[in-house]
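This is what each chain is made of:
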Amino acid sequence: AGGAGAGLFSYNRGNYMFDQKMHYTRFQAGLNMAIAQTGIYKQDIAQLTALTVTRMDCFHGIAAMGLTILTAIYCPGKLGFHVPPPPGWLMGLMMVNVAGCYMFLGLTLWYCMHAAMRADTAATHMLTRFVRLPIPSQGMLDKARKFLSSYEEQPLSEVLRVPFTRHQKPAKGRNGGYNEAMDIDDAAKGRSRHGYDVPAWYRKEKAVDNVSTIDTIESMMPLAARGSAPEHFEAYREIQMEWMPYDVYARVCIFLAFMHLTHCWAYHQIGHLIQEVRAPFACSIVMLPMFVLQQVILTLDIAPGGMPIQRLGPCSLWFAYFAAICESVRWYNPQVQAVGFVLVYCAYAIHIVYTVQLLRLCAPSEEAPAIAESPGASWWPGEWRLPSAFQHAICLLAPPKELAPGVTDIAGELRAEQSGGPQVAGNQSTESTASEKRADVHRALGKQGESPAWFGVKVGLISLVIAWIWLTFGFTIEIMNQGTSHPSLLNAPGMPNNARDPRYRPAKPGKSEPTEVGTGGVAAGPAKGVHLGAMHRRLSDAEFVAAPTTPMRRDIANKLRELIPHLQEMARLGAPESAILSLPPAPAAAEVQWPAMFQPQLLTCGAHAQAAVALSRHGRGALLATPTMNLESFVLHGVAGHGTIVAASWDTEGLLLVTTTGDVFECAGAVPTAGKWACKLSTGPKLPIATAGKPFTGLVAVSRAPGEVQAAVIFPGDDSVTIFARSSSTWLPRGEVRTPASTAAAAHFSTSGSSLLVSAADGSVTELQMSNGQTSELASANTGHAGHAWAGACRLASGDLARLAVPVESSSQAKFILG
């Protein structure tokens, strides 16, 4: 009996030693696998974050490139610098797309910056505080270690246990069996130790291991976020909601920005190639690839579904193209212009419908697309509200909801063991309802259940819809106002661009001939004398001046051919003295004794008296009676402080003056009284000649007729005369014609205002008829007054020509010349 007891003691003691060694080895192996798996979890977080950060960096570069291209279009590529600008409707189409592109590129930069920084910050936070390697502490190692003397603590039934006997009955205080989940056959199960037939030390180890043995692996998950996937996936999916909308809508903004970029560049090319270069065929070649490019982008980025209304957007390019051609046809035609207006309305309507459709496509969808739960592709949880129309372009990836078959979460099992429960990732039930889970996942959304990222895109698209409607309304106002007394709502009438706008000015002479747009009209343009009777010019009351007919041209050509041999003979032999034509002598200057310190600069004549009035720039004057040359000096009272005088006219009502600031003065009375001529500022508007607050330095002539005042203006450096007429409220451009003189020195209306006398620098005087544009020379070039410059010419009541020559140097006196 003693030998049997010693044998049982030795046998059971050996089993105890072997079990303790295996227990420590198993402890080390489990921790090593948990540490390795946690390292994989850290890589999961780094790779998921790198996907977002890399994508945002890519979007950043694309947005920066787009901004560079857009700025080149907007700044150096501006239209209308050196040629007449494109019409306002075309600039509206271009500039709204420029503004929209700037807006969405700016949103792209901000969304990318926010998403990348938030994802990087969240990943760093999880890697440094949440997903940590389960390194055991000294206490854990001490708990796993057993002394051999602890065998003495075992009950006597285990110390002297007889082999191959079973003790299956539960002892008092035992709660359950062990090793019941083994998947073995019945025979093997009968030989194994399971249920309550396990050693006491094994039962004690399990009780110790389940109470904070792995105390460095603890759960940090909120209740509503716990799921069936590893905890780091559940935590990352919830945190991902804080940057996921910005990630998604940064991609949507890239799409919107480049659609607007291609639109604005195409409209820019319409303005350049049609309005400036006049190359419609080259422009059509640009429209075609831009149209195809936009259709391709729509195909790549937007998933098919429903009516593809967005396909209409690129069609606006063709409507604008043909509308620009109608606007720029060589010969004006009201019917063609009406067709152009309809095409412009169609382009605006397409942009309105297209933008509303984009607003619908970019909105978050209530139902997740089918691809949302498909493995191996872009994946996101079905409860995330994203624009499903862009499901192929988003390329979003969220952590999986469940472990793949055959994958074990050892770290999760350790957490489950220490928490006292048998559940592990992959087989545990969700602790919250679907609605609670959805509310917890979407806690980052706004009060209206919308992401701030979507809110920014929505407001941007709504603002574009408002812009398109506003442009349509403004274009309607422009159509209603054209041809009226207020054709422009912004530019002052008479400014250079407005004066040269062929749509808003009255016709030049020749209403029955076609008017070539923007070339100076029939009287001065290259179309003079061609295409007789082909078309008409609107807003015209002028009479047609017949151009030389074909027989007349043939007769002139024959006479020139007959004259050429005589000219060649004279050139070879030399012309006789009698053949040299002598120039008429220069008219002599009248003897005039000007008042002291008086330097006349302007000259005007009156139709009611055989006299002329000479004026200085600063308000002094002299009334000169002819032919006696009696002189009466006077002072203009009331014109000081409004600039120097640039134009004067004398009629039965008195003097009419214009200053360099555009102010018009009326000096009542036929002659001055007591050496003074009282003047007062006219109640009408200023003549629009002073720009940017600078005094005018060109030439001006002014005339008064019943009910209106007209002025002829030659702007500095210009070779054309712009005619303005003032009604009760404003100055309006009446027409424009090239100056008859190569270098104009002065201009003056006739007494009736029916003609304009233009004095050239060489002393010649040309009369321009205001009714039909015909010109005639009143005085030829005069070089007999050296040291003087011609300052003006006017007709006396007798019909004789009076001229004023002012000294170039102050040592000389001005000359009054008749003839």
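Because the structure is predicted, anything quoted here is derived from the model rather than measured. (Residues numbered from 1 in each chain as written. Predicted model: local features only at pLDDT ≥ 70, side-chain atom pairs only at ≥ 80, totals over all residues. Heavy atoms only, no water.)

A. Quick peek at the side chain of T355. With respect to the secondary-structure elements, T355 resides in helix α11 (residues 334–362). Overall, the relative accessible area of 2% leaves T355 in the buried class. A distance of 2.6 Å separates the side chain of T355 from the backbone oxygen of H351, its partner in a polar contact. (Helix = DSSP H or I, 4+ residues; strand = E, 2+ residues; numbered from the N terminus. Buried < 20%, exposed > 50% of the residue type's maximum accessible area, 1.4 Å probe, protein only. Polar contact = N/O pair within 3.5 Å; in protein donor to acceptor, adjacent residues only side chain to side chain.)

B. Broad picture of a nonpolar patch on the surface. There is a patch of nonpolar side chains on the surface, built from I556, L560, L563, L567 and M570 and spanning about 460 Å² of accessible area. If you trace the backbone, L563 turns up in helix α18 (residues 550–573). (Patch = residues over 30% accessible without salt bridge, like charges linked within 9 Å, V, L, I, M, F, W, Y side chains within 5 Å. Areas by Shrake-Rupley, 256 points an atom, 1.4 Å probe, with all protein chains shown as cover. Salt bridge = Lys/Arg side-chain N within 4 Å of Asp/Glu carboxyl O.)

C. Spotlight on the packing of aromatic side chains. Taken as a whole, this structure holds 16 aromatic pairs when the rule is applied. Arranged with centres 5.7 Å apart and planes meeting at 35°, the rings of W470 and F473 form a pair that is tilted. Taken together, the residues span about one helical turn, with W470 and F473 both in helix α15 (residues 452–481) at a distance of three residues. By relative accessible area, F473 is classed as partly exposed at 47%. Feature note: the residues F341, Y345, Y348, W468 and F475 constitute an aromatic cluster, connected by ring pairs. Over the face of the ring belonging to W790 we find R803, whose NZ or CZ atom lies 4.7 Å from the ring centre. (Phe/Tyr/Trp six-rings, centres within 6.5 Å; stacked < 30°, edge-to-face > 60°. Lys NZ or Arg CZ within 6 Å of the ring centre and 35° of its normal.)

D. Seen up close, the packing of helix α8 (residues 244–276) against helix α10 (residues 316–327). Put simply, α8 and α10 touch, their axes get as near as 10 Å, and they point 20° apart. Classified by the angle between their axes, α8 and α10 sit roughly parallel to one another. Here α8 runs over α10; the crossing is right-handed. Contact residues: H263, A266, Y267, I270, I274 and Q275 in α8; S316, L317, A320, Y321, A324, I325 and E327 in α10. (Axes fitted to C-alpha atoms, helices over the stretch in contact; angles between N-to-C directions. Parallel < 35°, antiparallel > 145°, perpendicular 65-115°, else oblique. Left-handed = near helix turned anticlockwise from the far one by under 90°. Contact = heavy atoms within 4.5 Å.)

E. Fine view of unusual backbone geometry. Even without glycine at this site, M597 takes up a positive phi of about 60°. You can see M597 is positioned in the loop between α18 and β1 (602–605). For M597, a relative accessible area of 78% puts it in the exposed group. If you check the backbone angles, A674 has positive phi at about 55° while not being a glycine. By the secondary structure assignment, A674 is in the loop between β7 (664–668) and β8 (676–678).

F. Layout of the confidence of the model for the chain. Across the chain, pLDDT averages 76, with 72% of residues at or above 70. By mean pLDDT, the top-scoring element of the chain is α11 (93), and the lowest-scoring one is helix α16 (residues 496–499) (40). Here residues 176–182 is modelled with pLDDT under 50, and outside its nearest four sequence neighbours on either side it reaches 18 contacts, counting other chains as well. Low confidence marks residues 492–505, where pLDDT is under 50. Its contacts with residues over four positions away, or in another chain, come to 37 contacts. (pLDDT = per-residue confidence, 0-100.)

G. Inspection of the pairing of strand β4 (residues 631–637) at higher detail. The sheet contact formed by strand β3 (residues 620–625) and β4 spans five bridges and is antiparallel. For L624, the partnering residue across the bridge sits in β4 and is L631. Here β3 hands over to β4 after five residues, with M629 in that stretch at a positive phi of 65°. The pairing of β4 with β8 spans three bridges and is classified as parallel. When the bridges of β8 are listed, L636 appears paired with W677. (Pairing = 2+ DSSP bridges.)

H. Up close: the state of the cysteines. Counting across every chain of the model gives two disulfides. A disulfide bridge connects C605 with C794, and the sulfur atoms are separated by 1.8 Å. Handedness here is read from the sign of the S-S torsion; for C605 and C794, about 45°, the answer is right-handed. Here C605 is found in strand β1, whereas its partner C794 is found in strand β18 (residues 788–795), with 189 residues between them in sequence. The exposure classification of C605 matches that of C794, with both residues buried. One disulfide bridge connects C667 with C679, the sulfur atoms lying 1.8 Å from each other. Its S-S torsion of about 100° marks the bond between C667 and C679 as right-handed, since a negative value means left-handed. Remark: C679 occurs in the loop between β8 and β9 (680–681) and C667 occurs in strand β7; sequence separation between them is 12 residues. Judged by relative accessible area, which is 1%, C667 ranks as buried. Overall, the relative accessible area of 11% leaves C679 in the buried class. (Disulfide = S-S within 2.5 Å.)

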